[in-house]
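# Results of the structural survey
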Amino acid sequence: MNFLELVKRATPSAEPLLTGEWATIAFRPDLGSQQEFIVGVAAAINGDVEPHLSWLPSLSKLSHLYGDAITASDTRELFDGSEIAIRSTFQNALQSLDSGSPHLRIIPCGYLATHDVSMELTTLLKRQAGAIWADVQHRESPMDDDWAYATMIRTIKSIQNNPNPFIPGRSITIANKSLQIGLTNGRSYGNIVSARYASFSTVHTHIHSSMLQVNIAHRLSRLQTQPALFVVLPEATTSTEIVTTRKTLELLNEIESAGVTPFYDQDPSAVALKIQNWAST
């Protein structure tokens, strides 16, 4: 078999869905020292109005290096404040970003092409952080997007004669672009998101990423209907959950203003019912 025959039989791979640029976020604990640590990464995706950010999931190794001079709570508070400053100064390019603190600086690193921004940023951060990276060990099953998706499947499939809106593998290819989409009712696309992460920053990232995916699917498919997001809210039994719920609802109001229909509830079964009704319309 010659080379031309092999080329004819080759299956073309999907083009990168998202392109843009990325940067590292360097942390200098002591301004009198030149020692810096990569504690976060950021991405500006073409056509997106907000930056994507990812921070170290654990500060345990960094704290061990400096002892009592750095506390995890104070450092995390610094990062949270910096994220607010970064989002407020974003103007479609990383060069314009202001970290909001002399202890943090943003270092542009170049071109980025990916199908999944969140996963790509985690990979980049793990590589750049090096020795201070520490995985967070979950003591119980996390109520993440996978949990929310699996819960919706179990609930809806238990109902007889119910239409099946779930896309196998939560992945479709439209116009040679691979998209992470979990739902379709034949006229619209949707995704399921959990708002039960420990940090609202994580909730914000997942909701924004899902919104981006369904918006792109509708644009490529030339659909005139609105895409949908189905969000499982926290139970709101602790002060942290109450704050996360409030911030999530504020974010969902912004998303609705941007043309995406949000459906949400604290009860997973109630969210499943909303998916069932959406799939039947």
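The rules behind each value
Residues numbered from 1 in each chain as written. Predicted model: local features only at pLDDT ≥ 70, side-chain atom pairs only at ≥ 80, totals over all residues. Heavy atoms only, no water. Helix = DSSP H or I, 4+ residues; strand = E, 2+ residues; numbered from the N terminus. Rg over C-alpha atoms; globule rule 2.2 N^0.38 Å. Buried < 20%, exposed > 50% of the residue type's maximum accessible area, 1.4 Å probe, protein only. Areas by Shrake-Rupley, 256 points an atom, 1.4 Å probe, with all protein chains shown as cover. Lys, Arg positive; Asp, Glu negative; His and termini not counted. Charge placed at Lys NZ, Arg CZ, Asp CG, Glu CD. Axes fitted to C-alpha atoms, helices over the stretch in contact; angles between N-to-C directions. Parallel < 35°, antiparallel > 145°, perpendicular 65-115°, else oblique. Left-handed = near helix turned anticlockwise from the far one by under 90°. Contact = heavy atoms within 4.5 Å. Pairing = 2+ DSSP bridges. pLDDT = per-residue confidence, 0-100. Expected span 1.5 Å × (residues − 1). Phe/Tyr/Trp six-rings, centres within 6.5 Å; stacked < 30°, edge-to-face > 60°. Salt bridge = Lys/Arg side-chain N within 4 Å of Asp/Glu carboxyl O.

Turning our eyes to something else, we now look at the overall build of the protein. The number of helices and strands found in the protein is eight helices and 10 strands. Taking 19 Å as the expected radius of gyration for a compact globule of 281 residues, we find that the protein reaches 21 Å, a close match to that expectation. Per-residue burial for the protein yields a buried fraction of 44% across its 281 residues. Taken as a whole, the protein presents about 14,800 Å² of accessible surface, with 51% of it coming from carbon and sulfur. The centroid of the 21 positive side-chain charges in the protein is displaced by 9 Å from the centroid of its 27 negative side-chain charges.

As a packed pair, helix H6 (residues 200–221) and helix H7 (residues 239–257) sit with axes 10 Å apart at the nearest point and diverge in direction by 20°. With respect to H7, the element H6 is oriented roughly parallel. The way H6 lies across H7 gives a crossing that is right-handed. The residues of H7 that touch H6, namely those facing Phe200, Val203, His204, Ile207 and Met211, are Thr244, Lys247, Thr248, Leu251, Leu252 and Ile255.

This brings us to the sheet that holds strand E10 (residues 261–265). Spatially, four strands are ordered E7-E8-E9-E10 in an open sheet, and the strand pairing comes out mixed. Of all the strands in the sheet, the pair left with one neighbour each is strand E7 (183–184) and E10. Where E7 meets strand E8 (residues 189–194), two bridges bridge the pair, whose relative direction is antiparallel. Bridge assignment links leucine 183 to a residue of E8, and that residue is glycine 190. Strands in contact with H6 are E8 and strand E9 (228–232); relative to E8, the strand with the most contacts, it is inclined by about 175°. Across the sheet, H7 touches E9 and E10, and the angle it forms with E10 is around 155°.

Further remarks concern the confidence of the model for the protein. Detail in the predicted coordinates should be disregarded across regions flagged by low pLDDT. Mean pLDDT over the protein stands at 86; residues scoring 70 or higher make up 90%. By mean pLDDT, the top-scoring element of the protein is E9 (97), and the lowest-scoring one is helix H1 (residues 3–9) (57).

Let's shift gears to the pairing of strand E2 (residues 37–45). Burial analysis of E2 places nine of its nine residues in the buried class, the great majority of the element. Relative to E2, strand E1 (residues 18–27) is paired through eight bridges, and the arrangement is antiparallel. Note that in E2 the partner of isoleucine 25 across the bridge is glycine 40. Counted between consecutive antiparallel strands, the loop separating E2 from strand E3 (residues 52–55) contains six residues, among which glycine 47 sits at a positive phi close to 85°.

When the terminal C-alpha atoms of helix H8 (residues 268–280) are compared, their 19 Å separation across 13 residues agrees well with the 18 Å that a helix rising 1.5 Å per residue should span. Every buried residue of H8 is listed here: Pro268, Ala270, Val271, Ala272, Ile275, Gln276, Trp278 and Ala279. Packed against the buried residues of H8 are helix H5 (145–157), E7, E8, E9 and E10.

Quick look at the packing of aromatic side chains now. Inspection of the entire model under this criterion finds five aromatic pairs. Between phenylalanine 230 and phenylalanine 263 the ring centres are 4.8 Å apart and the planes differ by 10°, which places this aromatic pair in the stacked class. Taken together, the positions of phenylalanine 230 in strand E9 and phenylalanine 263 in strand E10 put the pair 33 residues apart, joining distant regions of the chain. A relative accessible area of 24% means that phenylalanine 263 is categorised as partly exposed. Taking 5.4 Å as the distance between ring centres and 70° as the angle between the ring planes, the aromatic pair formed by phenylalanine 230 and tryptophan 278 counts as edge-to-face. Of this pair, phenylalanine 230 sits in strand E9 while tryptophan 278 is found in helix H8, placing the two residues 48 residues apart along the sequence. Of the residues examined, tryptophan 278 reaches a relative accessible area of 8% and is grouped as buried.

A few words now on the pattern of salt bridges. Here the idea is simple: oppositely charged side chains can pair when their charged atoms come close. Taken as a whole and judged by the stated rule, the model has six salt bridges. For glutamate 36, the salt bridge identified is with arginine 28, shortest N-O distance 3.3 Å. You can call glutamate 36 partly exposed: its relative accessible area is 25%. Here arginine 170 makes a salt bridge to aspartate 146, at a shortest N to O gap of 2.5 Å. Placement of the pair is arginine 170 in the loop between H5 and strand E5 (172–174) and aspartate 146 in helix H5, with a sequence separation of 24 residues. For arginine 170, a relative accessible area of 25% translates into the label partly exposed. Look at aspartate 146 and you get partly exposed, because its relative accessible area is 46%. Linked by salt bridges that have partners in common, Arg28, Glu36 and Arg105 make up one network.

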